Each structure stands twice: as structure tokens, then as C-alpha cells.
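# Structural characterization, general
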Amino acid sequence: MFKKSIKAYEKACEVIPGGVDSPVRAFKSVGGTPPFIKKGKGAYIYDIDGNKYLDFVQSWGPLIFGHCDKDIEKVVIDTVKNGLSFGAPTLLETKLAKEIVDMYDNIDKVRFVSSGTEATMSAIRLARGVTNKNDIIKFEGCYHGHSDSLLVQAGSGMATFGSPSSPGVPEDLTKHTLLCEYNNIEQLKKCFEESSDIACIIIEPIAGNMGLIPADEEFLTTCRELCDKHGALLIFDEVMSGFRASLKGASGILKVKADILTFGKVIGAGMPVGGFASSKEIMSYLSPEGKIYQAGTLSGNPVAMAAGLVSLLKLKANPKIYNDLSKKALRLVNGLKKVASECNIPLQVNTRGSMFGFFFCDNEPKNFKDVGSCDFERFAKFHREMLKRGFYFACSQYEAGFICTKITNKEIDNCIKNAKEVMKNL
């Protein structure tokens with residue numbers, strides 16, 4: 001079933017570390033060999049062995065309209081004919097920026113970059129430059145890219161300055177990062193008690209890197225209040241949830257407003273792109289207006305801008321898409337929960353718009369520690385068996401899943417039917 005993929009993986013391991021260019025793709029969390037994908041079309045992806053999978057990953061979020069959407073495909077091809085990259089301004093940058101800015105009342109300007117990692121890294125630098133402070137607060141289980149100051153692990157105290165979680169990251173680069181538990185108000189308050197030098201809080205308001213765990217409204221309100229009280233800025237990392245959880249991402253669902261928003265994935269409709277946005281006052285600190293430096297040759301790449309613009313305009317023209325996606329996500333997870341219950345298997349589920357998550361555990365996880373107590377072996381077996389049946393779920397308990405417009409209720413019901421057969425043997 002996976003003979004060609006197995007050989008392809010062996011060859012990849014000879015020239016690429018671990019055989020992959022992003023660690024989760026190696027399937028270490030679920031076992032087996034990752035299928036090597038040849039093409040995608042609509043709701044499906046196809047591997048080099050000829051296997052077909054209903055795709056609940058959708059390139060980790062950005063493909064709201066599924067693979068090879070005809071409108072996005074056309075504009076990409078048309079734009080490519082004029083050139084791949086210029087390293088100079090284009091009208092497309094301004095058009096996409098205006099569409100994004102016009103949707104929010106708390107941002108005036110956006111700067112484009114080439115990835116979510118760049119967006120969060122730049123947003124933190126901006127916050128430090130604006131506040132003239134050094135420390136940042138992040139939360140266990142929230143992934144904001146692999147820049148050095150964000151690769152931290154918890155220390156022995158209740159709320160401590162983080163230490164590096166990866167070799168190659170000097171302690172000097174993480175000593176200004178305070179780490180505390182997601183949805184834990186007391187730990188958050190303790191961070192501000194321990195430091196008077198906090199520049200910002202950065203948080204995924206809808207965490208998608210420890211499964212799907214939304215932040216409690218009270219917790220986010222406390223984040224906002226503490227930032228206001230202590231002169232810090234609040235950064236919402238919406239790299240995953242932006243234009244996914246709703247037309248305005250988490251910001252369209254929550255009452256709490258952030259000072260800086262970061263985007264990625266979705267605003268490029270599958271192309272490498274990211275962005276960070278704020279008020280004109282805060283963004284005026286950026287070079288060339290201000291002294292805070294940030295740059296990138298491929299930032300605002302015309303092909304990525306064109307793809308993102310078409311996708312966003314399609315979404316704005318028909319916001320009811322989000323209602324349909326949300327119903328499908330609920331249909332999927334509620335169906336999975338029902339068949340799990342019939343098989344006497346504890347399963348916790350959650351959705352935010354077209355994002356979904358499910359956990360093999362007794363109680364709903366509220367933070368990274370809770371997720372760590374889930375049954376990872378059961379998840380791995382479920383993943384492997386569903387893959388054999390043609391259903392491609394995220395290959396880690398720590399990752400969220402996504403619904404695209406091309407997935408039908410009939411396909412979801414078929415997935416649930418197959419899941420029941422799998423769960424009978426879990």
C-alpha cells in the first residue's frame with residue numbers, strides 16, 4: 001500500500017535531515033512511513049502509490065477552498081507569467097493590505113512577510129521597540145514559530161523565565177521569555193509580579209498546536225487588563241486561526257482586542273506568506289518610518305499576494321461559507337464522539353469554525369499539561385487505521401484539523417462510519 005512512499009522516504013533520509021523539511025511530517029507521533037503526496041484536488045490528496053485520502057489537514061489550514069481551487073489556480077498562473085519575484089513594490093501588496101485592514105477596527109496597517117515564524121518574530125521585536133522593555137510572556141503549548149527566544153521549556157517554579165528547549169539556542173536568548181500555563185490566570189499574574197520589564201504577551205487565542213484548545217474568555221480578558229495596567233502590548237497569534245475560525249479569525253469571535261495581530265498560511269491561500277498588523281501609531285515605529293528594523297526580499301511576493309487576494313475576496317463575498325464549514329466540523333467531531341461512546345472509548349472534541357480537534361481522554365483538556373495526559377497510543381492506532389481507509393488526519397495529537405468547502409456531509413458520514421469500525425478495535 002505504501003511501497004513507493006517507503007522507498008521515497010528512505011531516499012529522502014539520505015539527503016534531508018529525518019527525510020522531511022518540517023519535523024511533524026515524519027509521522028514519529030503516529031508511527032509508520034509518511035505518504036509522499038503527488039497531487040491534490042478538491043477535498044482529496046493522492047500519494048505516489050496511487051492512494052486517495054480525504055484531507056482533513058489542508059496544508060495545515062490555508063486551503064479553505066480545498067486543493068487546486070480554479071479561481072486561485074488561475075490567478076497564480078496569470079501572475080507567474082508576469083514574473084515570480086521583483087523585490088520591489090507592486091499594486092497587489094496594497095490591494096491585499098487594504099482588504100485585511102478594512103475588516104478590523106483595531107488595525108490600520110499590515111506588513112507582509114514570508115512565514116508565520118517571521119510574523120511573530122517581527123511582532124515581538126515591534127512590541128519590545130515600542131515599549132522599550134525586554135521580557136515577553138508566552139504559554140506552554142502555544143507555538144509561535146522556531147525563532148530562538150520562543151523555543152523555551154518550563155522551569156521548576158510556578159511561573160519562571162524559560163530555559164532553551166532546543167540545542168543551539170543560547171540561554172541568553174531565552175532569559176527574557178517568561179513561560180506559564182495556558183488558561184491559568186494566577187500564573188499569568190505571577191509573571192507580572194516577577195518582572196517589571198514585560199514588553200508583551202503573545203498568545204494563540206485559539207491554540208492549534210496542542211490539539212484545538214481555545215483560550216477562556218476570562219483568561220484573555222485578564223491578559224488585556226494586565227497589559228493595560230503594566231504598559232505591555234497584547235499580541236494575538238492568528239497564523240492558524242486568522243480567516244479560518246471566522247472571517248476575522250479569533251478576533252471576530254472574541255470581545256478582547258489585541259494590540260498586534262499576526263497572520264500566516266491562510267492569507268496566502270497556500271502560498272508562503274505571513275503578516276503582522278497594528279494601529280498606525282504602533283506600526284510607525286517600523287523602518288523606514290521608524291527605527292525598528294525588519295525586512296525581507298520575498299516579502300509581499302506577487303504570486304502569494306495574488307493568491308491571497310482572490311481567496312480573501314471570495315470569502316468576503318460569501319461569509320456564509322463559515323456557517324457551512326462550522327456545521328461540517330461539528331458534524332464530524334460529534335459523530336466521532338458518538339461512535340467512541342458506543343465503543344466505550346472516552347473522547348473529547350472541540351471546534352472553532354472550520355478548525356477541530358479530538359482527544360482520547362476523560363476530561364476536556366484546557367492546557368498543554370492536560371493534553372499530555374491523553375492516550376497517545378490510542379490516537380496513533382486510530383490515525384494509522386484511518387489512513388489505511390483513506391482518511392488523512394493530522395499526524396499528531398498536538399495538531400488541529402481543518403474542514404474545506406469541498407468536503408461534503410456524505411464524505412463526513414462515511415468517515416464516521418469507518419471510524420466506528422476502527423474504534424471497535426481500539
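This text goes with the structure placed above it.
These notes cover the structure that comes with them. (Residues numbered from 1 in each chain as written. Predicted model: local features only at pLDDT ≥ 70, side-chain atom pairs only at ≥ 80, totals over all residues. Heavy atoms only, no water.)

## Some words on the sheet that holds strand β1 (residues 37-41)
Through backbone hydrogen bonds, the strands of a sheet pair up, either in parallel or in antiparallel fashion. Strands sit in the order β1-β2-β3-β18 across an open sheet of four strands; the sheet is mixed. The open sheet has two edge strands with one neighbour each: β1 and β18 (391-392). Summarising the sheet, strand β3 (residues 52-55) and β18 pair through two bridges and their orientation is parallel. The residue bridging aspartate 55 from the neighbouring strand is tyrosine 392, located in β18. (Pairing = 2+ DSSP bridges. Helix = DSSP H or I, 4+ residues; strand = E, 2+ residues; numbered from the N terminus.)

## A look at the pairing of strand β13 (residues 233-237)
Counting buried residues in β13 gives five out of five residues, a clear majority hidden from the surface. Neither face of β13 is left uncovered, since the one carrying Leu233, Ile235 and Asp237 and the one carrying Leu234 and Phe236 both have all their residues buried. As paired elements, strand β10 (residues 198-203) and β13 share four bridges and run parallel to each other. Residue pairing across strands places isoleucine 203 opposite phenylalanine 236, the latter belonging to β13. Relative to strand β14 (residues 260-264), β13 runs parallel, the two being bridged by three bridges. In the strand pairing of β14, phenylalanine 236 is matched with leucine 261. (Buried < 20%, exposed > 50% of the residue type's maximum accessible area, 1.4 Å probe, protein only.)

## Focus on the packing of aromatic side chains
Scanning the entire structure with this criterion turns up 18 aromatic pairs. Here phenylalanine 358 and phenylalanine 379 contribute two aromatic rings whose centre-to-centre distance is 5.9 Å and whose plane-to-plane angle is 40 degrees, an arrangement assigned as tilted. One end of the pair, phenylalanine 358, is in strand β17 (residues 355-359); the other, phenylalanine 379, is in helix α11 (residues 376-388), with 21 residues separating them in the sequence. Plain terms: the ring middles of phenylalanine 368 and tyrosine 398 are 5.2 Å apart, the flat faces sit at 25 degrees to each other, and that makes the pair stacked. Of this pair, phenylalanine 368 sits in helix α10 (residues 368-372) while tyrosine 398 sits in the loop between β18 and β19 (401-402), placing them 30 residues apart in sequence. Taken together through their ring pairs, the aromatic side chains of Phe56, Phe356, Phe358, Phe360, Phe379, Phe382 and Phe393 make up a single cluster. Here the basic side chain of lysine 39 rests over the ring of tyrosine 46, its NZ or CZ set 5.1 Å away from the ring centre. (Phe/Tyr/Trp six-rings, centres within 6.5 Å; stacked < 30°, edge-to-face > 60°. Lys NZ or Arg CZ within 6 Å of the ring centre and 35° of its normal.)

By themselves these figures say nothing about function.
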